[in-house]
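For reference, the chains in residue letters:
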Amino acid sequence: EAMKIVLAAEQVKLEEATISTNKMLEGLEVSSAEAKTEGEQVAGIKARCEADAARIASEKESCSNDLAKAQPFVDEANAAINSIKPAHIGEIKKLANPSDIIKLVFDCVLILFQLPLSKIQSNKITMAKIEIDWFETSFKQ
């Protein structure tokens, strides 16, 4: 009889523990579902980031290749710029009427510095002793 009382008391404890365990299990299932949803979102973000990283790496490689191709021209241009002496500029300043090729070079400099050019008007210029139909340069005397 004492065993029945002890067993009944233990049965009550067991039922309470079962209820508590079931509640905890339900909470864990909800948390697990939330974690799975969040994990899927993170996986999607990760995939997009990896795709962006691959695209950026490809663009960086392409830009590096373009830069490597252009670098010799940049070096050559810098060498040409460094070879200009003040006497050369003074010589061009002294010209009362520079040749047409020099006037075109002045127009190119205006373009490089994004300065305004004269309005385009038909004109003839002389290049290598040949008269060419062209447009009037922006050079003003």
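Description of the structure in this document. (Residues numbered from 1 in each chain as written. Predicted model: local features only at pLDDT ≥ 70, side-chain atom pairs only at ≥ 80, totals over all residues. Heavy atoms only, no water.)

A count of helices and strands for the protein chain gives three helices and two strands. Counting helices and strands in the order they occur from the N terminus, the protein chain gives α-α-α-β-β. Over its C-alpha atoms the protein chain spans a radius of gyration of 41 Å, topping by over 25% the 14 Å that the globule rule assigns to 141 residues. On the principal axes, the C-alpha backbone points of the protein chain span a range of 130 × 35 × 25 Å. Within the protein chain, buried positions represent 6% of all 141 residues. Restricting the contact set of the protein chain to residue pairs at least 6 apart, pairs at least 24 apart contribute 35%. (Helix = DSSP H or I, 4+ residues; strand = E, 2+ residues; numbered from the N terminus. Rg over C-alpha atoms; globule rule 2.2 N^0.38 Å. Buried < 20%, exposed > 50% of the residue type's maximum accessible area, 1.4 Å probe, protein only. Contact = heavy atoms within 4.5 Å.)

Here we take up the side chain of D107. Structurally, D107 can be placed in helix α3 (residues 100–112). When residues no more than four places from it in sequence are discounted, the contact partners of D107 are L117, F135, T137, S138 and F139.

Mapped onto the elements, A80 comes out in helix α1 (residues 2–83). Exposure remark for A80: the relative accessible area of 41% places this residue in the partly exposed category. Spatially, the C-alpha atom of A80 lies 29 Å from that of K124, the residues being 44 residues apart in sequence.

Let us look at the environment of I130. In this structure, I130 sits in strand β2 (residues 130–135). Sequence spacing of I130 and L67 is 63 residues, and the spatial spacing of their C-alpha atoms is 37 Å.

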